[in-house]
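# Structure at a glance
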Amino acid sequence: MKTPKLLPWYASKAGVSLERATVLWYKAVREATAATGWVGNAEYWGEAMNTFQRLLEEEQATMCAPRVMPLVRTQNRLWRLPLTAFEDVVSAMSANWHQHSGGPRKAA
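Keep in mind the model is a prediction, meaning the values are calculated, not measured. (Residues numbered from 1 in each chain as written. Predicted model: local features only at pLDDT ≥ 70, side-chain atom pairs only at ≥ 80, totals over all residues. Heavy atoms only, no water.)

### Focus: a nonpolar patch on the surface
We count it as follows: Candidate patch residues must exceed 30% relative accessible area and have no salt bridge, after which like charges are joined if within 9 Å and Val, Leu, Ile, Met, Phe, Trp or Tyr side chains if within 5 Å. Accessible areas in this description were obtained via Shrake-Rupley with a 1.4 Å probe; residue shielding takes into account the shown protein chains only. One side-chain nitrogen of Lys or Arg within 4 Å of one carboxyl oxygen of Asp or Glu is enough to make a salt bridge. Only DSSP runs of H or I with at least four residues qualify as helices, and only runs of E with at least two residues qualify as strands; both kinds are numbered from the N terminus onward. With a 1.4 Å probe rolled over the protein chains alone, any residue whose accessible area is under 20% of its type maximum counts as buried; one over 50% counts as exposed, and the rest are partly exposed.
Nonpolar side chains collect at one region of the surface, where V68, M69 and V72 lie side by side and expose about 250 Å² of accessible area between them. Counting through the fold element by element, V68 comes out in the loop between α3 (42-62) and α4 (69-101). Residue class for V68 comes out partly exposed when judged on its relative accessible area of 43%.

### A short note on the side chain of T51
Filter applied, for reference: Polar contact criterion, stated in full: a pair of N or O atoms within 3.5 Å, where within protein one must be able to donate a hydrogen and the other to accept it, and residues adjacent in sequence count only if both atoms are side-chain atoms. The contact criterion used is simple: two residues touch if any of their non-hydrogen atoms lie within 4.5 Å.
Tracing the backbone shows T51 in helix α3. A polar side-chain atom of T51 sits 2.7 Å from the main-chain carbonyl oxygen of E47. Those residues within four positions of T51 in sequence are excluded, and the remaining contacts are A28 and E31.

### Quick word on the packing of aromatic side chains
As a reminder, the rule being used: Classification of ring pairs rests on two measures: the distance between centres of Phe, Tyr or Trp rings, Trp counted by its six-membered ring, which must be within 6.5 Å, and the angle between planes, read as stacked under 30 degrees, edge-to-face over 60 and tilted in between.
Tallied over the entire structure, the rule returns five aromatic pairs. Pairing W25 with F52 gives two aromatic rings, centres 5.6 Å apart and planes at 85°, and the pair type is edge-to-face. Placement of W25 in helix α2 (residues 18-36) and of F52 in helix α3 is noted, with a sequence separation of 27 residues between them. In this structure an aromatic cluster arises from ring pairing among W9, Y10, W25, Y44, W45 and F52.

### A look at the pattern of salt bridges
Applying the stated criterion across every chain, the model contains three salt bridges. One salt bridge in this structure joins E31 and R54, with 3.0 Å as the shortest N-O distance. Residue E31 is found in helix α2, and its partner R54 is found in helix α3; the two are separated by 23 residues along the sequence. Assessed through its relative accessible area of 36%, R54 is described here as partly exposed.

So this is what it looks like as structure tokens:
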């Protein structure tokens, strides 16, 4: 049986390797087959996806990997803050200079 095309996305979103997500998918398929007794109908696939997402959440809860990306993004924003503020000040000064210098005006 093939895995869903979105399996790599689900795996990366949960922080799980693709191999582990594949194992969890096959486990979810087995559980869905046992729960519904059917294979291939909408109820079966819904149960398989719900079970897969539950298994991914359980797997993610067992991992103790630190969340570094939010910290890195925050540091990047803080580093760029003075540059952004300086850019805003220069833009305001330029607009003020053109307004009071009598330079070419744009038609509205």
